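Residue strings, one per chain:
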Amino acid sequence: MTGTRAEYGLLRPVMRGLRDDDRFALQVVVTGAHLSPEFGSTVTGVEDDGFTVDERVEMLLSSDSPVGVTKSLGLATIGFADAFARLVPDLVLVLGDRYEILGVVQAALIARVPVVHLSGGDVTEGAIDDAIRHAVTKMSHLHLPFSQDAADRILQMGEDPTRVVVAGNPGLDELAAVPVPPRDEVAAALGLELRERNLLVTYHPVTLADEPPAPSFQALLDALDDLGPDVGIILTLPNADTDGRVLIDMTRAYAEARPNAVAHTSLGADRYQRTLRTVDAVVGNSSSGIIEAPAVGVPTVNIGERQRGRLRGASTIDCPPQREAIADAIRRALDWRDVPVGSPYGDGRATARVLDALGAIEDPRALLVKRFHTP
C-alpha cells in the first residue's frame with residue numbers, strides 16, 4: 001500500500017524487488033494524496049515506474065480539519081475492507097506512520113490478513129504519527145525497522161524477537177546509486193535557474209502543537225528572505241495533514257513573488273533524488289532531511305518539534321521555529337565543509353533483507369496468532 005509521495009519513494013525499491021522475484025506476486029493498492037489532483041495526482045508516478053495499480057482506494061476528503069481528517073481515516077478503513085475482499089492477499093506490506101496506514105491495518109486486522117510493517121519503533125514526539133506508528137506495531141505481525149534503536153523499542157512493546165528484523169531504510173538503496181547530475185538538467189527539471197547555493201525546503205504541520213502552523217512557517221519564510229536573493233529556494237508542498245492547506249497557500253505565494261524560488265506540489269521520487277544530490281542543504285521538518293540527506297552528505301536544518309526523538313546523524317542541525325535561529329542554522333549548514341556521509345538508517349542493502357524476511361515466511365496465516373513477550 002502506498003498513500004503519499006514520501007513513503008512511495010522509500011517503498012519503491014522493495015516493490016521492484018517483489019515484482020521481479022518469482023517467489024512473490026505483487027499487488028499494488030494506491031490511496032490518499034496519490035489520488036488527489038490537489039496533491040499532484042502522484043499515482044501517475046507509480047504507473048510511470050512500471051507498476052500495475054490493482055486497486056485505488058479513494059479516501060481523502062477536501063478538508064484538513066480534525067473532523068475531515070478523521071472522516072478520511074474512516075473512509076480508508078472502509079475502502080481497504082473492500083480491497084482485501086477483492087484481492088485476497090496473503091500479506092499486506094506498509095511503511096511508516098501516517099493515518100492512511102492506520103486505516104489499512106485496522107481493515108487487515110478484521111480481515112485476518114497479516115501485516116508486515118517497515119519503519120516501526122521510530123520516535124517523532126511532535127506529531128500524531130508517533131502514536132499511529134506504535135499502534136500499527138501492535139497490529140502488525142512482522143517488523144522490519146530501520147535501526148537497532150527502533151528494534152529495541154519494538155521489543156519493549158512485547159513483540160516476538162523472532163519477528164523483528166533490522167532491515168534499514170530501503171529508500172537509501174536507490175539513493176546511494178544516484179550520481180550527482182548535471183546542474184543544467186536539474187535546473188530545467190525544476191524550472192529554476194540555480195544559484196551558487198541552493199536549498200531544498202519542506203515544512204509540514206506539527207500535528208501535536210497547540211499553536212497553528214502558519215506563524216512557525218512564516219518564520220521560516222522570513223529567514224529564507226534574510227539569506228538574500230542569491231540563494232536558490234526549492235520548496236515542496238506539505239502532506240495532506242491537519243491544517244496543511246494554509247501552508248500550501250503560503251508556499252505558493254512565496255514562490256510566485258520571488259525569482260529565486262520555485263514551489264512544486266511533488267518532485268516525484270527520481271527528481272527528488274537528483275535535486276537532493278544537487279542542493280547545499282535541506283531545510284524544514286521532513287523526515288527526509290533526517291534519514292536521506294545524511295546518506296549523500298547534505299546537511300539538514302531541522303526546525304521545531306515534529307521530528308523530536310528521532311535518531312539523527314551528525315549532519316543534522318536542530319533549531320527552534322524562530323526567524324533568527326533558522327537563518328543562523330541555515331548559514332551554518334551552508335558553511336559546513338566536512339559533512340559526514342552516512343545515515344543512521346541503513347547501509348543501502350535494505351531491500352535484500354526485506355525480501356529475505358518475506359521469503360522466509362512458510363505460512364503467512366501462522367503469523368496471525370501473537371503472544372506478548374516480556375522483555
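Residues numbered from 1 in each chain as written. Predicted model: local features only at pLDDT ≥ 70, side-chain atom pairs only at ≥ 80, totals over all residues. Heavy atoms only, no water.

Enquirer: Give me empty space enclosed by the protein: which residues, what numbers.
Expert: Empty space left among the atoms is revealed by rolling a probe the size of a water molecule over them. Inspection of every chain in the model, using the stated rule, returns 4 cavities of 30 Å³ or more. By volume, the largest cavity amounts to about 650 Å³. In terms of lining residues, the largest cavity is bounded by 38 residues, among which Ala6, Glu7, Leu10, Ser286 and Ser287 are the most central. The set of elements that each furnish at least two residues to the lining of the largest cavity consists of helix H1 (5-20), helix H5 (129-138), helix H11 (268-276) and helix H12 (287-291). Top contributing element to the lining of the largest cavity by residue count: H1, with 5 residues. Taken together, the residues of the lining of the largest cavity sort by class into 10 nonpolar, 18 polar and 10 charged. (1 Å grid on protein atoms, 1.4 Å probe; cavity = no way out; pocket = protein on both sides within 12 Å on 5 of 7 lines; lining within 4 Å. Points joined across faces, edges and corners; volume = space filled by probe spheres on them. Helix = DSSP H or I, 4+ residues; strand = E, 2+ residues; numbered from the N terminus. Nonpolar A, V, L, I, M, F, W, Y, C, P; charged D, E, K, R; others polar.)

Enquirer: Can you explain the nonpolar core? Please cite residues and give values.
Expert: Among the nonpolar cores identified, the biggest contains 48 residues, and Leu118, Leu144, Leu200, Ile234 and Leu276 are the most heavily contacted of them. It is H1 that provides the largest number of residues to this core, a total of 6 residues. Other than its neighbours up to four places away in sequence, leucine 144 contacts Val116, His117, Leu118, Ser119, Val165, Ala167, Val354 and Ala357. Within the second largest apolar cluster, 31 residues are counted, among which are Leu221, Ile233, Val301 and Ala327. (Core = buried A, V, L, I, M, F, W, Y, C linked by side-chain atoms within 4.5 Å. Buried < 20%, exposed > 50% of the residue type's maximum accessible area, 1.4 Å probe, protein only. Contact = heavy atoms within 4.5 Å.)

Enquirer: Account for the layout of surface pockets, with residues named and values stated.
Expert: Approximately 680 Å³ is the volume attributed to the largest pocket. Mapped onto the lining of the largest pocket, the elements with two or more residues apiece are H1, helix H3 (66-87), strand S3 (92-95) and helix H14 (350-359). The residue inventory of the lining of the largest pocket, partitioned by class, reads 21 nonpolar, 3 polar and 2 charged. Its boundaries defined by the atoms lining it, the second largest pocket holds a volume of some 450 Å³.

Enquirer: Give a detailed account of the sheet that holds strand S7 (residues 231-236), specifying residues and quantitative values.
Expert: The strand order across the open sheet built from 6 strands is S8-S7-S6-S9-S10-S11, with neighbouring strands paired in parallel fashion. Each edge of the open sheet is held by one strand with a lone partner, namely strand S8 (261-264) and strand S11 (316-319). When the angles between neighbouring strand axes are averaged without regard to direction, this sheet yields 20 degrees. Of the strand pairs in this sheet, strand S10 (residues 300-303) and S11 are connected by 4 bridges, and their pairing is parallel. In the strand pairing of S11, isoleucine 303 is matched with cysteine 319. Across the face of the sheet, H11 comes into contact with strand S6 (197-202), S7, S8 and strand S9 (281-284) while running at roughly 135 degrees to S6. (Pairing = 2+ DSSP bridges. Axes fitted to C-alpha atoms, helices over the stretch in contact; angles between N-to-C directions.)

Enquirer: Describe H14, with residues and values.
Expert: Taken as a whole, H14 has its buried residues at Ala350, Thr351, Val354, Leu355, Ala357 and Leu358. All buried residues of H14 project into a common sector of 160 degrees when viewed along the axis, lining one side. Close packing links the buried residues of H14 with H1, strand S4 (115-118), strand S5 (142-144) and helix H7 (171-175). (Arc of directions from axis to C-beta.)

Enquirer: Tell me about the packing of aromatic side chains, residues and numbers included.
Expert: Evaluated as defined, the whole model comprises 3 aromatic pairs. Between the aromatic rings of phenylalanine 80 and phenylalanine 84, the centroid separation amounts to 5.9 Å while the plane-to-plane angle is 55 degrees, which identifies the pairing as tilted. Here the residue phenylalanine 80 and the residue phenylalanine 84 both occupy positions in helix H3, the gap between them amounting to 4 residues, near one helical turn. Note on accessibility: phenylalanine 80 and phenylalanine 84 belong to one class, buried. Judged by centre distance (5.5 Å) and plane angle (20 degrees), the ring pair of tyrosine 203 and phenylalanine 217 falls under stacked. Linking tyrosine 203 in the loop between S6 and helix H9 (214-226) with phenylalanine 217 in helix H9, this pair joins segments that are 14 residues apart in sequence. One exposure class covers both tyrosine 203 and phenylalanine 217, and it is buried. (Phe/Tyr/Trp six-rings, centres within 6.5 Å; stacked < 30°, edge-to-face > 60°.)

Enquirer: Any chance you could break down the side chain of glutamate 159 for me, citing the residues and the numbers?
Expert: Along the chain, the position of glutamate 159 falls in the loop between helix H6 (148-156) and H7. Note on glutamate 159: relative accessible area 4%, which makes it buried. Reaching out from glutamate 159, the side chain makes a polar contact with the side chain of lysine 370 at a distance of 2.8 Å. Ignoring anything within four residues of it in the chain, the contact list for glutamate 159 reads Thr137, Lys138, Ser140, His143, Ile154, Lys370 and His373. (Polar contact = N/O pair within 3.5 Å; in protein donor to acceptor, adjacent residues only side chain to side chain.)

Enquirer: Talk me through the side chain of glutamine 273; I want residue IDs and the actual numbers.
Expert: Relative to the helices and strands, glutamine 273 is located in helix H11. Judged by its relative accessible area of 8%, glutamine 273 is buried. If we skip the residues at most four places from it in the chain, glutamine 273 touches Arg12, Glu174, Leu175 and Val178.

Enquirer: Summarise the sheet that holds S5; cite the residues concerned and give the values.
Expert: Picture the strands of a sheet paired through backbone hydrogen bonds; they go either parallel or antiparallel. Read across the sheet, 3 strands follow the order S3-S4-S5 without closing on themselves; strand pairing throughout is parallel. For this open sheet the edge positions go to S3 and S5, each flanked by a neighbour on one side alone. In this sheet, adjacent strand axes meet at a mean angle of 20 degrees when their direction is disregarded. Across 4 bridges, the pairing between S3 and S4 is parallel. Note on S4: the bridge partner recorded for valine 94 is histidine 117.

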